[in-house]
Structure formats: structure tokens, C-alpha cells
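An overview of the molecular structure
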Amino acid sequence: MSLRRDLHAAARDAGVSDPRLLEAIQRTPRREFVPPEYAEDADIDEPVPIPHQQVTSQPSLSARMIDALELRGDGQVLEVGTGYGYQTALLARLAKQVVSIERFGSLAEAARANLARHGTANVQVVTGDGTQGWPAAAPYDAILVSAAFPVVPPPLVEQLVEGGRLVQPIGSGGAEEVILFGRTADGLQRLRKVSPARFVRLTGRHGFAD
């Protein structure tokens, strides 16, 4: 069985039913978005180590988080935590435009190269503090945060459109709950729990100290 069919099945077994997302998983080979020495491990539905003591998200968990955003192809999406760009590539297939913020310049550079090699053109990968969002391209219809903090950083709330959706692991890093929020006129409303998870800590001005 091929890599893409394996990860497609893992996402489906995790409860993902959006046919556009499942097709994106089938058409996005994860082995092109991990360090070369871990290419053979890309077949497995598990996190993969990347530099700076970071790890990629488990593919089926990424799929559940993306699925919760209910993307329809015409939205502006902000991703906090680019890594090597696999999740970014999936988002790009489901959105009009994606801005992805990565705190480590070398990871951002690797992600840009991976996305370019894959032919993904509707993504802007920037280096910066993800807790501050990226006001230059705001507002966003959806935001996906791939690191844990006990609350959603206020700048991300401000940059999300009313009616928009945000997914973030809520906790101190290492054992938390991924929560889906909706933006209302009064701020964020917790909608539901997406999954238990283990994520790295969200660092920055509105997160943990580096």
C-alpha cells in the first residue's frame, strides 16, 4: 500500500470525511515534506523530528484540525507553525491564500523550498512571532495554531473575521486538548474539543518565554 493511501486511510479512520481534504492528502506526498533521513518514516501516521527540537504533527491529527476549520476554497488562512510545510500544503489545497508563520528561519526556508518543489503557489511563508499573527494579510477566515498555550493569543483573535474559525492546542505543551473556537462579535466562543494531543509550546510575546 502506498504512502498516500496509508495517510488517507488514517485520516478517514480518525473521522475526517471532507472529500476535498481526503483528496488533498492523497495528492500530497508527505515524504517530500520531511528531512531526507526520515523519508521512509513518512509512511507512518506519526510525528517526525525536524531541526530545533521540533516535530511535525501527526498527519491524522493535522487532518482533524484542518477538517474542523471547514475550509471551502475561497478563504484566507493563517497558520502558526510551518515546520517543513506538509500541513501548509494541505491547507493550500483548501484555501484561496495561506500565510504561514515559522519562528525558525531555517525551517521557513526549508518549507518554502518544499512547497515550491511541490508546485504550491498560493502560500506566503514568513519568519516571525506567530503569537502576534501577521497583520499585513489580515483579516483571516480561519487560523490554525500548531503549538500549545493555555489561551489563544489576543492578536490572533483580533485578526480573525467574525464568523471565522480557529483551532489551537490549549495547554502548557506535552498534554493538551485541541479546541475549535468560533469568532463572534464579543470575541471567541469555544465550539468543541477536536482531539487530545501533545504539542510543543507556543513561544512569543503572547505565549511562553523563549
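Presented here is a report on the structure given in the accompanying data block. These numbers were taken from a predicted model, which means no experiment stands behind them. (Residues numbered from 1 in each chain as written. Predicted model: local features only at pLDDT ≥ 70, side-chain atom pairs only at ≥ 80, totals over all residues. Heavy atoms only, no water.)

Brief notes about the packing of aromatic side chains
To keep things clear, this is the line we draw: Here a pair means two rings of Phe, Tyr or Trp (six-membered ring of Trp) with centres within 6.5 Å. Their orientation is stacked below 30 degrees between planes, edge-to-face above 60, and tilted elsewhere. The secondary structure listing takes helices from DSSP runs of H or I that are at least 4 residues long and strands from runs of E that are at least 2 residues long, numbered from the N terminus. Distance and angle both matter: a charge sits over a ring if NZ of Lys or CZ of Arg is within 6 Å of the ring centre and within 35 degrees of the ring normal.
Applying the stated criterion across every chain, the model contains 2 aromatic pairs. Judged by centre distance (4.9 Å) and plane angle (80°), the ring pair of phenylalanine 149 and phenylalanine 208 falls under edge-to-face. Taken together, the residues span a long stretch of sequence, with phenylalanine 149 in the loop between strand 6 (140-145) and helix 6 (154-158) and phenylalanine 208 in the segment after strand 9 (187-197) at a distance of 59 residues. The ring of phenylalanine 208 has arginine 201 lying over it, and the distance from NZ or CZ to the ring centre is 3.7 Å.

Topic: the pattern of salt bridges
Quick reminder of the rule: Any carboxyl oxygen of Asp or Glu that lies within 4 Å of a side-chain nitrogen of Lys or Arg is treated as forming a salt bridge with it. Burial here depends on accessible area, computed with a 1.4 Å probe over protein chains only, as a share of the maximum for the residue type. Under 20% is buried, over 50% is exposed, and the range in between is partly exposed.
For the coordinates displayed, the defined rule picks out 7 salt bridges. The closest approach of N and O atoms between arginine 31 and aspartate 43, which form a salt bridge, is 3.1 Å. Of the two residues, arginine 31 is situated in the loop between helix 2 (19-26) and strand 1 (49-50) and aspartate 43 in the loop between helix 2 and strand 1; the sequence distance between them amounts to 12 residues. According to the relative accessible area criterion, arginine 31 is partly exposed, its value standing at 33%. Its salt-bridge partner being lysine 193, residue glutamate 177 comes within 3.4 Å of it at the nearest N-O pair.

Quick notes on helix 2
Worth spelling out the cut-off: The arc in question is the one spanned by the directions pointing from the helix axis to the C-beta atoms. Within 3.5 Å is the distance limit for a polar contact, defined as a pair of N or O atoms, with the added protein rule that one can donate a hydrogen and the other accept it, and that residues adjacent in sequence qualify only through two side-chain atoms.
Buried residues of helix 2: Leu21, Leu22, Ala24 and Ile25, and no others. One face of helix 2 carries all of its buried residues, which in axial projection span an arc of 155°. Its side-chain oxygen at 2.9 Å from the backbone nitrogen of arginine 20, aspartate 18 defines the N-terminal cap of helix 2.

Topic: the nonpolar core
For clarity, the threshold we go by: Buried Ala, Val, Leu, Ile, Met, Phe, Trp, Tyr and Cys residues that are joined via side-chain atoms within 4.5 Å together make up what is termed a nonpolar core. When checking whether two residues touch, look at their non-hydrogen atoms; a contact exists if any pair is within 4.5 Å.
By size, the foremost hydrophobic cluster in this structure holds 37 residues, and its most contacted members are Ile25, Ile66, Leu71, Leu91 and Val178. Ranked by residues supplied to this core, first place goes to helix 3 (residues 59-69) with 6 residues. Every residue in contact with isoleucine 66, bar those within four places of it in the chain, is listed here: Leu21, Leu71, Gln87, Leu90, Leu91, Leu94 and Leu144. Membership of the second largest hydrophobic core comes to 20 residues, among which are Ile143, Val152, Val157 and Leu160.

Some remarks on the pairing of strand 7 (residues 160-170)
What counts is decided by this rule: The criterion for strand pairing is that DSSP finds at least two bridges linking the strands in question.
Where strand 6 and strand 7 come together, 4 bridges link them in parallel fashion. In the sheet register, isoleucine 143 faces strand 7, and the bridge partner there is leucine 166. Pairing of strand 7 with strand 8 (residues 176-184) involves 6 bridges; the strand directions are antiparallel. If you follow arginine 165 over to strand 8, its bridge partner there is glycine 182. Counting the residues in the hairpin turn of strand 7 and strand 8 gives 5 residues, including glycine 171, whose phi is positive at 160°.

Comments concerning the environment of alanine 10
With respect to the helices and strands, alanine 10 occurs in helix 1 (residues 3-13). Residue class for alanine 10 comes out buried when judged on its relative accessible area of 17%. Setting aside residues no more than four positions away along its own chain, alanine 10 makes contact with Asp45 and Ser60.

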